[in-house]
Amino acid sequence: QVQLVESGGGLVQAGGSLRLSCAASARTFSSYCIGWFRQAPGREREFVATISWDGYYTYYEDSVKGRFTVSRDNAKNIVFLQMNRLNVEDTAVYFCAAARDFTTALKEYDYWGQGTQVTVSS
């Protein structure tokens, strides 16, 4: 199975930037699509962004398009989520997850990290 660990969360002021990292177990890492999801208190977990196994395809939830960028470095077994122009509505626990297919569907992701808190203050 795939082991995933998120890092890089923290407190940032609105308008600022933050970069999250998702470190994965080395074996077969490049075979997986990696998605980013987030969950705020009292809300369902929602899709944020995903990237194909080779990094060629990306897809973003509408509210983060133009602000967030997902990328991956397969040589280092790391996927990044660069978050720019953050706003209060971005506050949530952010999770990375692995799937065999390029998809936005939460249920299709088989492996999950523990999450990292992102808090945006006004």
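Residues numbered from 1 in each chain as written. Predicted model: local features only at pLDDT ≥ 70, side-chain atom pairs only at ≥ 80, totals over all residues. Heavy atoms only, no water.

(A) Spotlight on the overall build of the protein chain. Helix and strand counts for the protein chain stand at 0 helices and 11 strands. Helices (α) and strands (β) of the protein chain occur, in sequence order from the N terminus, as β-β-β-β-β-β-β-β-β-β-β. For the protein chain, whose C-alpha radius of gyration is 13 Å, the value lies close to the compact-globule estimate of 14 Å for 122 residues. Of all 122 residues assigned to the protein chain, the portion counted as buried reaches 43%. A total accessible area of about 6,500 Å² is found for the protein chain, and carbon and sulfur atoms account for 47% of it. Between the averaged position of the 12 positive side-chain charges in the protein chain and that of its 12 negative side-chain charges there is a distance of 5 Å. (Helix = DSSP H or I, 4+ residues; strand = E, 2+ residues; numbered from the N terminus. Rg over C-alpha atoms; globule rule 2.2 N^0.38 Å. Buried < 20%, exposed > 50% of the residue type's maximum accessible area, 1.4 Å probe, protein only. Areas by Shrake-Rupley, 256 points an atom, 1.4 Å probe, with all protein chains shown as cover. Lys, Arg positive; Asp, Glu negative; His and termini not counted. Charge placed at Lys NZ, Arg CZ, Asp CG, Glu CD.)

(B) Region of the structure containing the pattern of salt bridges. Per the stated rule, a full pass over the model turns up 4 salt bridges. The shortest N-O distance in the salt bridge between Asp90 and Arg38 comes to 2.9 Å. With Asp90 in the loop between β8 (78-83) and β9 (92-99) and Arg38 in strand β4 (residues 33-39), this pair connects stretches of sequence that are 52 residues apart. Each of the two residues, Asp90 as well as Arg38, counts as buried. Across the salt bridge formed by Lys65 and Asp62, the nearest N and O atoms sit 3.0 Å from each other. Lys65 gets classed as partly exposed once you look at its relative accessible area, which sits at 42%. Bridged by salt links that share partners, the residues Arg38, Glu46, Arg67 and Asp90 form one connected network. (Salt bridge = Lys/Arg side-chain N within 4 Å of Asp/Glu carboxyl O.)

(C) View of the packing of aromatic side chains. Within this structure, the stated rule accounts for 9 aromatic pairs. Between Phe37 and Trp112, the aromatic rings sit 4.9 Å apart at their centres with planes inclined by 50°, giving tilted as the arrangement. Taken together, the residues Phe37 in strand β4 and Trp112 in strand β10 (residues 111-112) connect sequence positions 75 residues apart. A residue is classified by how much of its surface remains accessible, and Phe37, at 0% relative accessible area, is buried. A connected cluster of aromatic rings, assembled from ring pairs, spans Phe37, Phe47, Tyr59, Phe95, Tyr109 and Trp112. Just above the ring of Trp112 sits the side chain of Arg45; from NZ or CZ to the centre is 5.0 Å. (Phe/Tyr/Trp six-rings, centres within 6.5 Å; stacked < 30°, edge-to-face > 60°. Lys NZ or Arg CZ within 6 Å of the ring centre and 35° of its normal.)

(D) Representation of the pairing of strand β1 (residues 4-7) within the structure. Of the two faces of β1, only the one carrying Leu4 and Glu6 is buried; Val5 and Ser7 on the other face are not. Strand direction decides the pairing type here: β1 and strand β3 (residues 18-24), joined by 4 bridges, are antiparallel. Paired with Ser7 across the two strands is Ser21, which belongs to β3. (Pairing = 2+ DSSP bridges.)

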